[in-house]
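Structural description and commentary
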Amino acid sequence: MLRYTINRILLTIPTLLGVAMLVFFMLRIIPGDIVEVKLRGDGGAVTQETIEMERHRLGLDKPIMVQFKDWMVGVVTFDYGISMWTERPVMEEVAVRLELSLEVAILATIIALLFAIPLGTMAALYRDTWVDYLMRVVTIGGISIPAFWFGMLIMLGLLAAFNWLPPITFTPIYVDPVANLTQLIWPAAAVGYRYCAVTARMIRSSLLEVMSEDYIRTARAKGVFEKLVISRHALRNALLPAITVIGLEFTFLIGGLVVTEQVFNLNGIGQLFVQSVTRNDFTLIQGMVMLIAAFYVFVNLAIDLLYAVFDPRIRYT
Amino acid sequence: MSIVEVGEDLRARNNTRPGTAGPLLEVDDLHTHFETARGIVRAVEGISFTVNRGEVVAIVGESGSGKSVTALSIMRLLPRLTGKIPKGRILFDGQSLLDLDDEQMRKIRGRDMSMIFQEPMTSLNPILTIGLQIMEPLQIHLGMTDKEAKARAVELLQLVGITDPERRLDQYPHQFSGGMRQRVMIAIGLACNPKLIIADEPTTALDVTIQAQILELMKNLSRKLNIALIIITHNLGVVARYADRVIVMYAARVAEQGAADAVFHRPRHPYTLGLLRSVPRLDRPRGSKLETIEGLPPNLALGSSGCRFAPRCPYRIAICDQEQPLFPTDTGGFSRCHRHTEIASGKIIWAAAGGAGLNFAANTEAPVLSVRNLTKFFSVKGGLRGAGGTVRAVQDVSFDIYPGETLGLVGESGCGKTTVGRLILRLEEPTGGEIHFEGVNLSTASPAELKAMRRKVQVIFQDPYSSLNPRMTVGQIIGEPLHVYKIVNGHKQGEARVAELLENVGLRREMAERYPHQLSGGQRQRVGIARALAMEPSFIVCDEAVSALDVSIQGQIINLLEELQRKYRLAYLFIAHDLAVVRHISARVIVMYFGRIMEVADRDVIYGESLHPYTKVLLDAAPVPDPTIEKKREPRLIKGELPSHLAPPTGCVFNTRCPLASQECREVIPKLEEKRPGHFAACIKI
């Protein structure tokens, strides 16, 4: 088990270095120049000299391989440089938004699992009855309704019912949990619905499969309480495939909520991403891509390790 | 405290009801139906029988005869939505099981009555420890604490012959072999010291040597702890060896029941007669042709009146169209046949089908296939830095097959017999050695020669259910190779040839329109044979070609294979684990163990005067369908299990389990030597 874990952790290093290389060169292939966007953005006349000076200041006039070396050294030493647009360190720019985005993602996961496990289980146990049909309608809704639109419905609903809208300023949860949650619970619910729907359907189908396994019949033949048959024997096996879905959905929530953030007026990673791309802010884009790639890699690692925890067949091979 | 005392102690602890006199289990006129999309399937129709305390009762029957459904009905484990018991009564220890609610029934399951299932590989929960799975019923039914339950679990594992029980409690099912898992299942079944254990095909998935170990264990435990045992099986040998009484089921009904001796020696129902005559047997001289029961079992979704066996029965008369009760017979049993008295008086005997000569090839011709020093290693990948190894699947195997001859290849699972077949078919590349087919060395053959060889060498697979493409009609399946190899010109000729082939294998030509799922297992296997014949082969590899089939169907297919062999002078490599079947069909037999040939000889020599200790053990472990012989002989139980392929034994591969093994056997790899004329064995002790 220890060796398995170490192997998996070591394997993330080449993956991340590969991502760093790809990001750097792909950005350079895209036409466009931050200096021109920045200086000519307002339509004013700018001399060629000013542009050159600015390029020099940002290090964009260095040979590309030198820039690449600087970038890779930065990646390894966790120094992602300074945003070319806001002139503040990339880490700082990202950190502010990450706190919010991460919290929304975690809240959404909690909400999703809270509903998905009982929903999926009930649907599987009461297969082809009204419980199952209702669950299928609800989850199809979750999958087909875009999260931002559902978010707008929530806002409208809040406005109509209470004549109230969630606060706009972000308060960290450790400062004021109530203010924090009154703001973030709504976007989390909006994206959590979809998340829950996908997971519940997964749990339903995998539980149905598990319930027809021989070892479930064995458990019943032993006279195990039906509740225990489901919770101990069936659900634990059925949740294994669901872990993958949960992990993938979770990583999507970091940086993938561009429109939802817009609807709820949140200053999250998604918005920052779009801004930095339209501004050709190389350093910021690179930093964020690395961040999200690292998230994907580590969540996947966590899934693999969780699998090993839950499934002894993986642990011992 | 001894195990028996513990058992009695437990019984005293959990026996809340006063023990009632009379039989332990009484099943009376039980009907079980399944509601399917295609209508109601009457899986069990009016079964009645009793089981006394401590008695071993066997329920025998072919697939679909309702034997497993009977067991599940008693346990009340039928699928909830579809399985229904519209009629009948099940009395267990004085309680009417069908009148209990789910909670009352749950209290009986696993405590007074437990069940052991067929598939040890899938019947244990893969993510829970063995310990937890054994302790579960103890804690639920007897309210034991963790400590008590653990102590009892250790005892149980010892009882079923698992060494080092404390350590093994924390292991998971995948760390156990199939035989060991079945032992764990038995331990779970025994946990609360039940009054009745139902074992549904407990050894069908296991090798013959392991089967003997498991059955012996169950029988001894049942005697020692006075537990009644219902064994459900299709293997008549198992029944003969272990059962006190036998219930023969056919098409959802009891055909005959009685004491084991009576049913085997004096059967009073034509189906029992036919069944006993259609199994190839190790204890009798090989007949020229297997006697078979013609036809197929009826479809249970269609209701019918009269005797269910009548359409296949050679003694059918007018009265057979009427419903018949279970008649008490002169042997003290019951038979559902109007003519049981005529059978008893010897007026009716099963007419032996006329046989043809034996297929002994004159070995003067050149062999059709000749294999020399064939070797195949598989490399197994380990982790990143590779704790992998090499599996020596086949080592140094040599043999010849002559035209028109059948060479049998027997061995237990993992002995490399299937790999030999795959190497000959060129589905695997050999690591070493040579294969010559009709004089052509296959490893140096040109693509054109290989193509010709692929046509001449065909295969019949084990599983007729998964080896036919479900989306193709029978006609397309058989016709495809005809068109690929341009054996026929155009569509019309193709159809004509398919029809001819179907008739050759005993199917009607209309079958060409059907899809595989519309056929029975035996019919599918016939389609597989027709497909192989389409290529006009000279050599066919039969890889467990009849093992998935029921006894009565198996006989039909074996006869078909022999008939085709005579007609087309086919050579067969007949790979199987069933010693009796191999004996029946083969002229010569190879016995393999752990990748190596142990013994080669003519059929009668192998079965009559085998030399190698492994062959002897193998033959001893296989029960024959005769209770008198079986009850007399003490089984020479082979100890231990197959060694790991990653840590093979040094010297002779069999030394870890061999009764004759000495220090020398652990050092020298024995050569296959001609010990007597035409009789080769690899053992230094002979």
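Owing to the predicted nature of the structure, the values given are computational and were not obtained by experimental measurement.

**Overview of the overall build of chain A**
Scanning chain A from terminus to terminus reveals 14 helices and zero strands. For chain A, the sequential pattern of α-helices and β-strands runs α-α-α-α-α-α-α-α-α-α-α-α-α-α. With respect to the three principal axes, the spread of C-alpha positions in chain A is 85 × 55 × 35 Å. In chain A, which comprises 317 residues, the share counted as buried stands at 34%.

**With respect to the overall build of chain B**
When helices and strands are tallied, chain B shows 22 helices and 24 strands. In terms of overall size, chain B behaves like a compact globule, its C-alpha atoms giving a radius of gyration of 27 Å where 686 residues would be expected to give roughly 26 Å. In terms of overall dimensions, chain B has C-alpha extents of about 80 × 70 × 50 Å along its principal axes. In chain B, which comprises 686 residues, the share counted as buried stands at 49%. By sequence separation, contacts in chain B at least 24 residues apart represent 69% of the contacts at least 6 residues apart.

**Quick look at the sheet that holds strand 14 (residues 389-401) of chain B**
All names here are of chain B. Pairing in this open sheet of four strands is antiparallel, and the strands run 14-13-16-17 from one edge to the other. The open sheet has two free edges, formed respectively by strand 14 and strand 17 (440-441), since each of these has just one partner strand. Pairing of strand 13 (residues 369-380) with strand 16 (residues 432-437) involves five bridges; the strand directions are antiparallel. Bridge pairing in strand 16 places S370 opposite H436.

**Quick look at the nonpolar core**
Membership of the largest hydrophobic core comes to 264 residues, with the highest contact counts inside it found for B:A187, B:I231, B:V239, B:C542, B:L573 and B:F574. Residue contributions to this core peak at 15 residues, all from helix 8 (residues 177-211) of chain A. Beyond its immediate stretch of four places on either side in the chain, B:A187 contacts B:I134, B:L156, B:L157, B:L159 and B:V160.

**A word on the packing of helix 7 (residues 147-162) of chain A against helix 8 of chain A**
Residues and elements named next belong to chain A. Between helix 7 and helix 8, the shortest axis-to-axis distance is 9 Å and the interhelical angle comes to 135 degrees. When the interaxial angle is binned, helix 7 and helix 8 end up oblique. Viewed along their axes, helix 7 and helix 8 form a crossing whose handedness is right-handed. Contacts from A147, F150, G151 and I154 in helix 7 reach W186, P187, A189, A190, V191, Y193 and R194 in helix 8. Across the contact of helix 7 with helix 8, the residue classes tally to nine nonpolar, one polar and one charged.

**Digging into the interface of chain A and chain B**
At the junction of the two partners, chain A supplies 21 residues and chain B supplies 27 residues. Elements supplying a minimum of two residues to the side of chain A that touches chain B: helix 1 (2-29), helix 9 (214-221), helix 10 (226-253) and helix 14 (312-315) of chain A. Broken down by element, the side of chain A that touches chain B gets its largest block of residues, six residues, from helix 9 of chain A. Split into classes, the residues belonging to the side of chain A that touches chain B amount to seven nonpolar, five polar and nine charged.

**Description of helix 8 of chain A**
Over its 35 residues, helix 8 of chain A extends only 41 Å from the first C-alpha to the last, a length that falls short of the 51 Å expected when each residue adds 1.5 Å. The largest bend in helix 8 of chain A is about 35 degrees, located at A:L184, with the proline A:P187 one to four residues further on.

**Regarding the sheet that holds strand 4 (residues 83-92) of chain B**
Residues and elements named next belong to chain B. Across the sheet, which stays open at both edges, the four strands sit in the order 2-1-4-5 with antiparallel pairing between neighbours. Each edge of the open sheet is held by one strand with a lone partner, namely strand 2 (39-51) and strand 5 (95-96). By the bridge criterion, two bridges tie strand 4 to strand 5 in an arrangement that is antiparallel. Following the sheet pairing, L91 is matched in strand 5 by S96.

**What about the confidence of the model for chain A?**
The pLDDT averaged across chain A works out to 86; a share of 97% of its residues lies at or above 70. Ranking the elements of chain A by mean pLDDT puts helix 2 (residues 34-40) of chain A last with 72 and helix 9 of chain A first with 93.

**Focus on the confidence of the model for chain B**
Residue and element names in this part refer to chain B. Across chain B, the average pLDDT comes to 85, with 92% of residues at or above 70. Predicted confidence in chain B is weakest over helix 1 (residues 3-14), with a mean pLDDT of 48, and strongest over helix 4 (residues 130-142), with 94. Note on residues 352-361: pLDDT is under 50 here. Beyond four places in sequence and across chains, it has 24 contacts. ipTM for the predicted complex: 0.79, alongside a pTM of 0.81.

**Considering the pairing of strand 13 of chain B**
A regular strand places its side chains on the two faces of the sheet in alternate fashion. Here strand 13 of chain B runs beside strand 14 of chain B; their pairing, made up of nine bridges, is antiparallel. Along strand 14 of chain B, the bridge assignment pairs B:L369 with B:I401.

**What about the packing of helix 9 of chain A against helix 10 of chain A?**
Residues and elements named next belong to chain A. The geometry of helix 9 relative to helix 10 is characterised by a closest axis approach of 10 Å and an angle of 145 degrees between their N-to-C directions. In this structure, the crossing between helix 9 and helix 10 has a hand that is right-handed. Contacts from Y215, I216, A219 and R220 in helix 9 reach V229, H233 and A234 in helix 10.

**Concerning the pairing of strand 1 (residues 25-36) of chain B**
All names here are of chain B. Alignment of strand 1 against strand 4, held across seven bridges, turns out to be antiparallel. Paired with H31 across the two strands is K87, which belongs to strand 4. Here strand 1 folds back onto strand 2, and the loop between the two strands holds two residues.

**A closer look at the environment of B:L229**
Residue and element names in this part refer to chain B. Mapped onto the elements, L229 comes out in strand 8 (residues 228-233). By the C-beta count within 10 Å, which is 25 here, L229 ends up buried. Residues L229 and Y242, spaced 13 residues apart in sequence, show a C-alpha to C-alpha distance of 10.0 Å.

**Notes on helix 10 of chain A**
Maximum bend of helix 10 of chain A: about 45 degrees, positioned at A:L235. Note on helix 10 of chain A: the residue one or two positions beyond its end, A:G255, has a positive phi of about 90 degrees.

**Points about unusual backbone geometry**
Residues and elements named next belong to chain A. We note that F78 has phi near 60 degrees; this positive angle belongs to a residue other than glycine. For F78, the position within the fold is in the loop between helix 4 (64-76) and helix 5 (90-125). Judged by the 8 C-beta atoms lying within 10 Å of it, F78 is exposed. Even without being a glycine, N163 presents a positive backbone phi close to 55 degrees. The exposed category is assigned to N163, around which 7 C-beta atoms lie within 10 Å.

**As for the environment of A:L305**
Residues and elements named next belong to chain A. Within the secondary structure layout, L305 lies in helix 13 (residues 282-310). For L305 and T5, which are 300 residues apart along the polypeptide, the C-alpha to C-alpha distance reads 7.0 Å. Sequence-distant contacts of L305, defined by excluding residues within four places in its chain, comprise T5 and R8.

**Overview of the environment of B:F176**
All names here are of chain B. Along the chain, F176 turns up in the loop between helix 6 (165-168) and helix 7 (178-190). For F176, a count of 19 C-beta atoms within 10 Å gives the class partly exposed. When the C-alpha positions of F176 and H612 are compared, they lie 29 Å apart, and in sequence the two are 436 residues distant. Those residues in contact with F176, other than ones at most four positions away along the chain, are R181 and V184.

Analysis parameters
- Residues numbered from 1 in each chain as written.
- Chains lettered and ligands numbered in written order.
- Predicted model: local features only at pLDDT ≥ 70, side-chain atom pairs only at ≥ 80, totals over all residues.
- Helix = DSSP H or I, 4+ residues; strand = E, 2+ residues; numbered from the N terminus.
- Buried ≥ 20, exposed ≤ 12 C-beta atoms within 10 Å, placed from the backbone.
- Rg over C-alpha atoms; globule rule 2.2 N^0.38 Å.
- Contact = placed C-beta atoms within 7 Å.
- Pairing = 2+ DSSP bridges.
- Core = buried A, V, L, I, M, F, W, Y, C linked by C-beta atoms within 7 Å.
- Axes fitted to C-alpha atoms, helices over the stretch in contact; angles between N-to-C directions.
- Parallel < 35°, antiparallel > 145°, perpendicular 65-115°, else oblique.
- Left-handed = near helix turned anticlockwise from the far one by under 90°.
- Nonpolar A, V, L, I, M, F, W, Y, C, P; charged D, E, K, R; others polar.
- Expected span 1.5 Å × (residues − 1).
- Bend = angle between axes of the 7 residues up to and from the residue.
- pLDDT = per-residue confidence, 0-100.

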